[in-house]
Amino acid sequence: MEEEKKKQTVIPIGPYHPLQEEPEFFKLFVNGEKVEKLDIEIGYNHRGIEKISESKHFDQVAFTVERICGICSTSHPFAYVNAVEDLAGIEVTDRTKYIRSIVGELERLHSHLLWLGLAGHFIGYNTVWMWVWKAREPLLDVMEYITGNRQHYSMFKIGGVRLDILNEDIPRMEKMLDGLLPYIDLFKGAVMDDPVIQARAKGICPLTKKEAIDFCAVGPLARASGVDIDIRRDNPYAAYGMVDWKVITAVNGDIFDKIVVRVLEMYESVKIIRGCLNGLKKEPEGNFDLKIKNIPAGEGIGRHEAPRGEVFHFVRSDGSNRPVRHKIRAPSYVNVPTNEITAIKGTISDAAITLGAVDPCYCCTERCVVIDKNTNKKILGGSDLIKLSQEKTRELKKKMGITE
Amino acid sequence: MESIIEKAREKLGNKVKNYFKKNEKRHYLEINPHDIIECTKIMFNGLESRFITATGVHLRTGFEIMYHFSYDKTGEVITLRVYLNEKDKPEIDSITPLIRGAEWIEREIWEMLGINFKNHPNMKRLLLAEDWPEGKYPLRQTEK
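Residues numbered from 1 in each chain as written. Chains lettered and ligands numbered in written order. Predicted model: local features only at pLDDT ≥ 70, side-chain atom pairs only at ≥ 80, totals over all residues.

Undergrad: It is not clear to me how helix 4 (residues 75-88) of chain A should be interpreted in this structure. Could you clarify?
TA: In an α-helix there are 3.6 residues to a turn, and that puts residues three or four apart on one side. Residue and element names in this part refer to chain A. Taking 1.5 Å of rise per residue, 14 residues should cover 20 Å, and helix 4 covers 20 Å from first to last C-alpha, within 8% of that figure. The buried fraction of helix 4 is high, at 13 of 14 residues. The positive-phi residue at the C-terminal boundary of helix 4 is glycine 89, with phi of around 65°. (Helix = DSSP H or I, 4+ residues; strand = E, 2+ residues; numbered from the N terminus. Expected span 1.5 Å × (residues − 1). Buried ≥ 20, exposed ≤ 12 C-beta atoms within 10 Å, placed from the backbone.)

Undergrad: Got a minute to help me understand helix 3 (residues 58-66) of chain A in this structure?
TA: All names here are of chain A. By the burial criterion, the buried members of helix 3 are Phe58, Val61, Ala62, Val65 and Glu66. Angular distribution of buried residues about the axis of helix 3 spans 140°; they occupy a single face of the element. Packed against the buried residues of helix 3 are helix 2 (49-53), helix 4, strand 4 (156-157) and strand 8 (323-329). (Arc of directions from axis to C-beta. Contact = placed C-beta atoms within 7 Å.)

Undergrad: Sorry if this is basic, but what is going on with the environment of Pro236(A) here?
TA: Residues and elements named next belong to chain A. Looking at where proline 236 falls in the secondary structure, it is placed in the loop between helix 11 (231-234) and helix 12 (255-282). For proline 236, a count of 14 C-beta atoms within 10 Å corresponds to the partly exposed category. Note: C-alpha distance between proline 236 and arginine 303 (67 residues apart in sequence) is 9.7 Å.

Undergrad: Sorry, what's going on with the packing of helix 3 of chain A against helix 4 of chain A here?
TA: Working note: a packed helix pair is described by the angle between its axes plus the distance between those axes. Residue and element names in this part refer to chain A. Interaxial distance between helix 3 and helix 4 falls to 8 Å at its minimum, and their mutual angle equals 150°. The angle between the axes of helix 3 and helix 4 places the two elements in the roughly antiparallel class. The hand of the helix 3/helix 4 crossing is right-handed. Between helix 3, through Phe58, Val61, Ala62, Val65 and Glu66, and helix 4, the contact on the second element is made entirely by His76, Pro77, Tyr80, Val81 and Val84. (Axes fitted to C-alpha atoms, helices over the stretch in contact; angles between N-to-C directions. Parallel < 35°, antiparallel > 145°, perpendicular 65-115°, else oblique. Left-handed = near helix turned anticlockwise from the far one by under 90°.)

Next up, the structure:
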C-alpha cells in the first residue's frame with residue numbers, strides 16, 4: 001500500500017485565476033492516464049465582499065458586487081437588486097424590466113460564446129475559437145453603446161436602471177442580433193454534425209441526474225443532466241415572464257450535452273432580447289427609475305439565472321442605510337464540486353475539457369502542471385495538458401480517416 | 001402549480017416554532033437546532049426541494065443560521081431558521097451527510113463564524129489562508 005501511494009502522481013491545476021470570483025486549485029491524483037481522485041482548493045482570491053458590503057450604502061453595494069465577476073458582471077447586481085426589491089416590496093416599471101432582461105441576456109450570449117470558444121480551443125478546434133471571438137465582438141460593441149462599458153456595465157440600481165435604452169437605438173441592436181444568428185447556426189452545425197467532436201465529447205465524464213441533484217448543481221450544468229430548472233422560468237423576475245421562450249434541457253450530462261445546452265440557449269437568449277425590444281417600443285421613454293430613497297428593515301432574497309446558473313443574494317436590513325448581513329452564493333460554488341465525481345470518470349486528456357465544461361474560468365486550467373510526487377519534478381505544464389487534449393482529437397481524426 | 005408551503009408546514013408539524021410569510025414566494029420557518037437533520041430530510045428528500053445555501057449571522061445573543069431551500073416547480077424559497085444561543089462555542093449537526101452540496105457552505109460558516117458542524121466529513125478551511133490565526137472569525141461582529 002505504501003509503495004502504491006508513492007507511485008501516485010499528483011497534477012496540480014491552478015491555483016490562481018484573476019477573472020473568476022473563485023480561483024480554483026485542482027489536484028488530480030492520477031494512476032497512469034486514469035484520474036483517480038480530485039481535490040479542490042479555493043479561496044486564493046477571497047476578498048471578503050460580504051463583509052465589505054456591510055460597510056457600504058445600499059446604492060453602493062450594487063456596484064461593489066458587480067466587481068465579483070468579470071465575465072458575468074451583471075449577474076450579481078441583478079440578484080442584489082432583486083433581493084432589495086423583495087425586501088422593500090418594490091415593483092419596478094415595465095421599461096426597467098425589459099432593459100434589465102436585455103442586459104442579462106446580452107451578457108449570457110457573450111459568456112456562452114466565450115465558453116464555446118475556449119472549449120473549442122481545448123479540444124483542438126482553434127478555428128472555432130477565432131470565429132467565436134469574431135462573433136462576440138459586435139455584442140460587446142452593443143454593450144458599450146447602450147451602457148458605456150464593454151464589461152462592468154453598472155446598469156443596475158435599486159428601483160430601476162442607470163440608463164435608458166432609447167427607442168432610436170433599437171434597430172441597431174436588432175441588426176446586431178440578425179448578424180449573430182448565422183454565427184450561432186455555424187457553431188451549432190460545427191458541434192452537432194462533426195463526428196470528431198461527437199467522439200471526443202459524447203459519453204465523456206457524465207454527471208448523472210441523481211448526482212446533479214445531490215450536489216445541488218444549477219444552471220446549464222444541471223440542465224444538461226436532465227434537471228429541469230431555470231430561475232427565469234420558475235420564479236419569473238424582470239421581463240422573463242413577459243416574453244416567449246423555453247428552457248433547454250438534455251439527458252446525458254456528458255460534455256457533449258453541456259455544449260449543446262449552451263449553444264441552444266443562445267437561440268433562446270436572442271428570442272428573449274427580441275421580445276424585450278418589441279416590448280420596449282410600446283413603453284414610454286424615460287420611465288426607468290423609481291428613485292428609491294429609503295430601505296426599510298427586513299429580509300429579502302433575490303435570485304438571477306446567470307450564464308452559469310442561479311446566483312443567490314440574501315440581504316438583511318435594520319432600517320439604516322447599510323445592509324447588516326449580505327450573503328452571496330455564486331453558481332460555481334455548487335457547480336465546481338461536481339468535478340470531484342465527473343473528473344474521475346475520465347483520463348488526464350479529458351481533464352481540461354471536463355473541468356472546463358463546468359464553465360469556471362479558464363486560466364486555472366491554463367496553469368496546469370503535472371508533478372511527480374516522488375521527485376517533485378515537473379512533467380507537464382498547462383500548455384502541455386491542452387496539447388495532450390488536442391493530440392487526442394488529432395488521433396481520433398486519424399482513426400476516423402479525416403485529414404486535417 | 002400548487003404552493004408547497006402548506007405541505008411543508010404540515011409535514012414539519014410541531015417542529016415549526018414560528019412562521020413568517022414575506023410574500024407568496026418567500027417563507028421563513030423557525031425550528032429548533034436539534035431538529036435540523038429531521039427537517040432537512042423532510043425538505044430535501046421528502047419534498048424534493050433544492051438546497052441553495054445557508055447564511056450564518058452573528059447576533060448579540062448568539063448565532064443564527066438560515067438554510068435556504070428552493071422548490072423549483074413553483075419558484076418558492078423556504079428558509080429554515082435556527083437560533084444558537086451560545087456565544088463562544090456554537091454547535092449544530094452537519095447536514096452534509098444528507099446533502100453533498102452543503103459541504104462547502106458548512107466549511108465556510110465554520111471558518112467565518114466559528115460555528116462547529118458535528119459529523120461533517122471533511123472539516124477544513126475553505127476560503128481563508130493557511131496562516132490565518134486560529135480562533136479569529138472574520139464575520140463575527142467583534143471583528144472590524
